[in-house]
Amino acid sequence: MNQGKGLFALIGLGLIGFLIVNSAYIVPQTSSAIVFQLGRVARAPIVSPGLYFKIPFMENVVFI
């Protein structure tokens, strides 16, 4: 019984970790980024370098 709960918790933590990794992106100092949400521009060009977050599987980031 306890092995089932442990396995369920491990799968849940793995899924949460996967979503966090897919939602973060880094804009380098030498480039800009545009965030598209479902094919439309969601955020104007991001020119400040740093760590940013997006909605996984709904937003795409294109670096310029």
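Residues numbered from 1 in each chain as written. Predicted model: local features only at pLDDT ≥ 70, side-chain atom pairs only at ≥ 80, totals over all residues. Heavy atoms only, no water.

1. Observations regarding the side chain of Ser-32
Thought 1: Of note, Ser-32 is situated in the loop between β1 (24-27) and β2 (33-37).
Thought 2: Every residue in contact with Ser-32, bar those within four places of it in the chain, is listed here: Val-27, Ile-46, Val-47, Val-62, Phe-63 and Ile-64. (Helix = DSSP H or I, 4+ residues; strand = E, 2+ residues; numbered from the N terminus. Contact = heavy atoms within 4.5 Å.)

2. Structural notes on the environment of Leu-19
Thought 1: By the secondary structure assignment, Leu-19 is in helix α1 (residues 2-23).
Thought 2: The spacing of Leu-19 and Tyr-52 is 33 residues in sequence and 14 Å in space, taken between C-alpha atoms.
Thought 3: Apart from residues lying up to four places away in sequence, Leu-19 is in contact with Pro-56 and Phe-57.

3. Quick word on the nonpolar core
Thought 1: Membership of the largest hydrophobic core is limited to 5 residues, which are Tyr-25, Val-27, Ala-33, Val-35 and Ile-46.
Thought 2: Contacts of Tyr-25, omitting those with residues within four sequence positions, involve Val-35, Arg-43, Ile-46, Gly-50, Leu-51, Tyr-52, Phe-53, Lys-54, Val-61 and Phe-63. (Core = buried A, V, L, I, M, F, W, Y, C linked by side-chain atoms within 4.5 Å. Buried < 20%, exposed > 50% of the residue type's maximum accessible area, 1.4 Å probe, protein only.)

4. Some details on the sheet that holds strand β5 (residues 59-63)
Strand pairing within a sheet occurs via backbone hydrogen bonds; the two strands may be parallel or antiparallel.
Thought 1: Read from one edge of the open sheet, 3 strands run β3-β2-β5, paired in antiparallel fashion. Looking at the sheet topology across the chains shown, the edges are occupied by β3 (40-46) and β5. This sheet shows a mean twist of 20 degrees between the axes of neighbouring strands, independent of strand direction. (Pairing = 2+ DSSP bridges. Axes fitted to C-alpha atoms, helices over the stretch in contact; angles between N-to-C directions.)

5. What about the pattern of salt bridges?
Thought 1: Within this structure, the stated rule accounts for 1 salt bridge.
Thought 2: Where Arg-43 meets Glu-59, a salt bridge forms, and the shortest distance between an N and an O atom there is 2.9 Å. A residue pair is termed long-range when its members are at least 10 positions apart, and Arg-43 in strand β3 and Glu-59 in strand β5 qualify at 16 residues.
Thought 3: You can call Arg-43 partly exposed: its relative accessible area is 29%. (Salt bridge = Lys/Arg side-chain N within 4 Å of Asp/Glu carboxyl O.)

6. Thoughts on the packing of aromatic side chains
Thought 1: Applying the stated rule across the entire model yields 3 aromatic pairs.
Thought 2: Ring plane angle 25 degrees and centroid distance 5.9 Å describe the contact between Tyr-25 and Tyr-52, whose orientation is recorded as stacked. With Tyr-25 in strand β1 and Tyr-52 in strand β4 (residues 50-53), this pair connects stretches of sequence that are 27 residues apart.
Thought 3: We classify Tyr-52 as partly exposed; its relative accessible area is 22%.
Thought 4: Through a chain of ring-to-ring contacts, three or more aromatic side chains come together here, namely Tyr-25, Tyr-52 and Phe-63. (Phe/Tyr/Trp six-rings, centres within 6.5 Å; stacked < 30°, edge-to-face > 60°.)

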